[in-house]
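Read off the chains here:
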Amino acid sequence: MKEITRRPLTEIPKVYDPAAEEGRWYDFWEKKGFFRPEVNPEKPPFTIVIPPPNITGSLHMGHALNNTLQDILIRRRRMQGYEALWLPGTDHASIATEVKVEEWLAQEGTSKEEIGREAFLQRAWEWREKYGSTIVRQLKKLGSSCDWSRERFTLDEGCSRAVIEVFVRLFEKGLIYRGDYITNWCPDCQTVISDIEVEHEEKMGHLWHIKYPLKDGSGHVTVATTRPESMLGDTSVAVNPGDDRYQGFIGKTVILPIVGREIPIIADEYVNPAFGTGAVKVTPAHDPNDFDMGERHNLPKVVVIGRDGRMTAEAGRYQGMDRFECRRALVEDLKEQGFLLEIKDHTHAVGHCYRCQSVVEPLVTTQWFVRMKPLAEPAIEAVKNGEITFVPERFTKVYLNWMENIRDWCISRQLWWGHRIPAWYCRKCGEITVARQAPDGCAICGSARLEQDPDVLDTWFSSALWPFSTLGWPEETPELGYFFPTGVLVTAYDIIFFWVARMIFSSLEYTGKRPFHTVLIHGLVRAADGRKMSKSLGNGIDPLDIIDQYGADALRFSLVTGLTPGNDMRFYMEKVEGARNFANKLWNAARFVLMNLEDFDPDTGGPDAAELSLADRWIISRYNRVIGEVDRLIDGYELGEAARSVYDFLWNEYCDWYIELAKPRLYGKEDPAGRRATQATLHRVLEGTLRLLHPFMPFVTEAIWQNLPHAGASIMVAPWPRSSEGEIDESAERAMAIIIEATRALRNLRAEFGVAPGKRAEATLIAIDSEAEAILREQAAYIQSLTTADLTVVPAGGKRPAQTVAQITSNAEIHLSLKGLIDLEREIERLNKDLQQTEAELEKSQRKLSNEGFLSKAAPEIVERERGRATELAAKARRLQERLALFDQMR
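Residues numbered from 1 in each chain as written. Predicted model: local features only at pLDDT ≥ 70, side-chain atom pairs only at ≥ 80, totals over all residues. Heavy atoms only, no water.

Asker: How would you explain the overall build of the chain if you had to name every residue and give the values?
Answerer: Tallying secondary structure elements over the chain gives 28 helices and 29 strands in all. Rg of the C-alpha trace for the chain: 37 Å, well past the compact-globule value of 29 Å for 891 residues, more than 25% over. Relative to its 891 residues, the chain shows a buried fraction of 54%. Within the chain, contacts between residues separated by at least 24 positions form 77% of all contacts whose residues are at least 6 apart in sequence. (Helix = DSSP H or I, 4+ residues; strand = E, 2+ residues; numbered from the N terminus. Rg over C-alpha atoms; globule rule 2.2 N^0.38 Å. Buried < 20%, exposed > 50% of the residue type's maximum accessible area, 1.4 Å probe, protein only. Contact = heavy atoms within 4.5 Å.)

Here you go:
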């Protein structure tokens, strides 16, 4: 080990200042190239691909959690000797970016339609250059150790080439097709969105019961609907074939109210007899289930709501109305003409666009689709056979349920920003040509009058290729051969369908390999009250504000501690403050160690076993145990528990106990070998535990480590600690457990009975057995130095001393003599006054609780609060009475 030039202790601040340390250490890591691995057959690879954030985004708490977890995994593997690649990048986010650029143009008094497609795309690229790297800068502030030299973008040249290759291959295999189908249309974004991009919200609405007269005049059928405006496009009424109420109606014809169109009554198993009246209107052009019924029964599709959310010419006199305006007008007309029979309150799920939150409209449009069944089957098998595992395991069922019931994927979007569909239409003969490059002419008729499809591909189409397209696929690059498949994917549960499933089937289809072996699922970061963080609720917290105030380490540690895989977590500022205090505690402990290492030479070799004290052997044993525990927990992806283990060891065992236990040897001059052994132990355990903590809190650990004697340029490339079974010392741990118990008991007694810290006391320790007695006798000096007490150790069964207060531990009875330490008479007088006041307050509370007027009129929470107060006062009175009885005996 080589000692490096360190700042003088006087130059190291007494309080850790994240703002002074974090930026300079991140720059140091980047400039040294520590984030960049190489293709190296001599070392094992470990790869994580970042879930690419949108270029429209800025760091939020979900990003902070997700990237902290990835950074913990990647930093540990790097220290373990892997060529660890954390591959970063951003997503072009078709809808969100197009909205941003359109807003930009609107501010200039123009629009995308006015400037045209090419000019619009140029402006979009300008916007990306100006704003697209914002979140990358923010990820660096968090401490993310990504290989920024390999940063990718879903619209860059390599990713775009991969997207075109995939589209052409799927088309050639017959797995991509174009057709008319009912899709989710966003009237505001003016594009189709997929089923999983629709957010369903439970809303209170109505169920309108409408009379559809039979053509033959024999009566009517009553249908119930939540969307009366869509009835203008009805082409049938349907009932369940097993519903006895409607057996005589099947095959008859009804007259569509208001419109006057004749439509048939059909029988279909889809109809739920228990819903509404058991008879439903069928609108094939405006409902996905009705569309399916329409296909089965060959019903016409009448489009009455347009892409702009307004009624079409097919809606008759309602043409041009907004769909909700039409609803109000139509309901009034139905009421006037006697067709509206009843209106009932009804709660139902209403679909909203995930991006703009407008109500989605089901419309029949011409789109491109991927046939999913053949692609889903291998992806299902890969998870079932354990080739890919979900952590926690319960998300396996979520994944499989969706994949086993998967529908064809609508991949076209009516946007300009994105991967344009590589399909050209012949304006002469209508032939469609799908190709990797723009064709010169039609393959059928030879015409050069070709026009490329104006739509772009769903953003998730390119994201599905992310684990391998970013490494050079479809080219067989050295990086692809070495770093792929990747290791672990870290993501939130809300994009299992959007992204995880699509990466799995895409990778298996195009590379023949799984994209990763483990999917680590984390939950959402919620506000302290459990609600989802959002700008609209005003409860969002900016991670950058936290970093500026408390430091990135404090934010990272507060997010990961207490985290359980797959579960949502609540964000508390108290946890951030606690993590900040931990960093300061560690900093101050390191200052103490450095203060006592000025004459320490790490190159002289470790101490002999005989030179180690009990405290030295204990902390070395505990250190080795915590290494093993952290390894076990991280390997099981229990990162929150791993962080807690390091915290408990450093705060409770190293800082609170070992440093105090080390002081007598450090300050004593009569045992230089013992001093050197304790110096070596202080240094070794601190330096090693800093390496253990580094993935969780990279900045403070680097800042401290650089001031300690060490080998290497940075803690982030220092070796990961290894546990040594030979150094686990059970006898030392048992002995220290007895000492710590006795010390705590004596400290508690002193505090409980108000004995001043500086006053020397007398204590008697009655051991429970001969082993405990021997340990207490041999190590009494430790207890005496930590409690300012003179000890007498008594064997098991020994006489209990008089006039003492006691506490029983698992190994001894601890008796503290109060003689000369407190004024007994004054203390009895004080306790009597306290008891009288407590009993008076208790009596008052009990009278209130026995008053029927109070119990009947007061709010339940007030009554409950008073009951709790009475219970506390009664307990306090009992404690005071017990203390007085004890002091009376000591008179």
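Asker: Explain the layout of surface pockets to me, using residue names and the numbers behind them.
Answerer: Taken as a whole, the second largest pocket encloses approximately 310 Å³ of empty space. Taken together, 17 residues line the second largest pocket, and the ones lying closest to its centre are E98, K112, C189, Q190 and Q414. Secondary-structure elements contributing two or more residues to the lining of the second largest pocket are helix 3 (94-107) and helix 4 (112-115). Sort the elements by how many residues they give to the lining of the second largest pocket and helix 3 lands first, with 4 residues. Its residues placed into classes, the lining of the second largest pocket shows 8 nonpolar, 2 polar and 7 charged. (1 Å grid on protein atoms, 1.4 Å probe; cavity = no way out; pocket = protein on both sides within 12 Å on 5 of 7 lines; lining within 4 Å. Points joined across faces, edges and corners; volume = space filled by probe spheres on them. Nonpolar A, V, L, I, M, F, W, Y, C, P; charged D, E, K, R; others polar.)

Asker: Could you give me a rundown of the side chain of N584, with the residues and numbers involved?
Answerer: With respect to the helices and strands, the residue N584 is situated in helix 18 (residues 573-595). Apart from residues lying up to four places away in sequence, N584 is in contact with V15 and Y16.

Asker: I'd like a description of the packing of aromatic side chains, backed by residues and values.
Answerer: If you walk through the whole model with that rule in mind, you get 36 aromatic pairs. Here F582 and Y647 contribute two aromatic rings whose centre-to-centre distance is 4.7 Å and whose plane-to-plane angle is 55°, an arrangement assigned as tilted. Of this pair, F582 sits in helix 18 while Y647 sits in helix 20 (residues 639-667), and the two are 65 residues apart along the sequence. Of the residues examined, Y647 reaches a relative accessible area of 25% and is grouped as partly exposed. Here the aromatic residues F167, F171, W368, W409, F461 and F505 are joined through ring pairs into a cluster of three or more. The positively charged end of K112 is found above the aromatic ring belonging to W416, 4.9 Å away from the centroid. In this structure, R502 is placed above the aromatic ring of W409, and the distance from its NZ or CZ to the ring centre is 4.0 Å. (Phe/Tyr/Trp six-rings, centres within 6.5 Å; stacked < 30°, edge-to-face > 60°. Lys NZ or Arg CZ within 6 Å of the ring centre and 35° of its normal.)

Asker: Can you explain the state of the cysteines? Please cite residues and give values.
Answerer: Taken as a whole, this structure holds 0 disulfides when the rule is applied. In this structure C146 is a free cysteine whose sulfur lies 15 Å from that of C159, the closest cysteine sulfur available. For C146, a relative accessible area of 0% puts it in the buried group. C326 takes part in no disulfide bond, and the closest cysteine sulfur, belonging to C186, lies 19 Å away. The buried category is assigned to C326, whose relative accessible area is 0%. (Disulfide = S-S within 2.5 Å.)

Asker: Talk me through empty space enclosed by the protein; I want residue IDs and the actual numbers.
Answerer: Rolled over the atoms, a probe as big as a water molecule pinpoints where empty space is left. Summed over all chains, the structure comprises 4 cavities of 30 Å³ or more. The space that makes up the largest cavity amounts to roughly 60 Å³. Taken together, L69, L520, I521, H522, L563, T564, P565, Y637, L639 and G640 make up the full set of residues lining the largest cavity. Elements supplying a minimum of two residues to the lining of the largest cavity: strand 23 (518-522) and helix 20. Here the element with the most residues in the lining of the largest cavity is strand 23; it accounts for 3 residues. Residue classes in the lining of the largest cavity are distributed as 7 nonpolar, 3 polar and no charged. Taken as a whole, the second largest cavity spans an internal volume of roughly 50 Å³. Contributing to the lining of the second largest cavity are V166, L170, V370, L375, W409, F461, A464, L465, F505, S506 and Y510. Of all elements in the fold, only helix 7 (157-172) and helix 15 (496-510) reach the threshold of two or more residues within the lining of the second largest cavity.

Asker: Explain the packing of helix 2 (residues 61-79) against helix 17 (residues 552-560) to me, and be specific about the residues and the numbers.
Answerer: Two quantities define a packed helix pair, namely the angle between the axes and the distance from one axis to the other. It is at 10 Å that the axes of helix 2 and helix 17 come closest, and there the two elements cross at 90°. On the basis of the axis angle, helix 2 is roughly perpendicular to helix 17. Only L555, R556, L559 and V560 of helix 17 make contact with helix 2, whose side of the interface consists of M61, A64, L65, T68, L69, D71, I72 and R75. By residue class, the composition of the contact of helix 2 with helix 17 is 8 nonpolar, 1 polar and 3 charged. (Axes fitted to C-alpha atoms, helices over the stretch in contact; angles between N-to-C directions. Parallel < 35°, antiparallel > 145°, perpendicular 65-115°, else oblique.)

Asker: Residues and numbers for the sheet that holds strand 18 (residues 423-426), please.
Answerer: The strands making up a sheet are joined through hydrogen bonds of the backbone, oriented either antiparallel or parallel. Within the open sheet, the 3 strands sit side by side as 19-18-20. Their pairing is antiparallel. With one partner strand each, in any of the chains shown, strand 19 (432-434) and strand 20 (450-452) form the two edges of the open sheet. Across the sheet, the mean angle separating the axes of adjacent strands is 30° when strand polarity is ignored. The sheet contact formed by strand 18 and strand 19 spans 3 bridges and is antiparallel. In the sheet register, W424 faces strand 19, and the bridge partner there is T433. (Pairing = 2+ DSSP bridges.)

Asker: Lay out helix 1 (residues 18-32) in plain terms, naming residues and giving numbers.
Answerer: Spanning 15 residues, helix 1 covers 21 Å between terminal C-alpha atoms, matching the ideal 21 Å at 1.5 Å per step. Looking at helix 1, one finds that the buried residues are P18, E21, E22, W25, Y26 and W29. Buried positions in helix 1, seen along its axis, are confined to an arc of 115° and lie on one side of it. Those residues of helix 1 that are exposed and aimed more than 90 degrees away from the buried face are A19 and K31. Phi turns positive, to about 75°, at G33, one or two residues after helix 1. (Expected span 1.5 Å × (residues − 1). Arc of directions from axis to C-beta.)

Asker: So what about the nonpolar core? Which residues, and what values?
Answerer: Soluble, globular proteins show a tendency: their nonpolar side chains are buried together. Counting 206 residues, the largest nonpolar core has Y399, F461, Y654 and F696 as its most contacted members. Ranked by residues supplied to this core, first place goes to helix 20 with 14 residues. W208, M231, L232 and L334 belong to the second largest nonpolar core, which has 28 residues in total. (Core = buried A, V, L, I, M, F, W, Y, C linked by side-chain atoms within 4.5 Å.)

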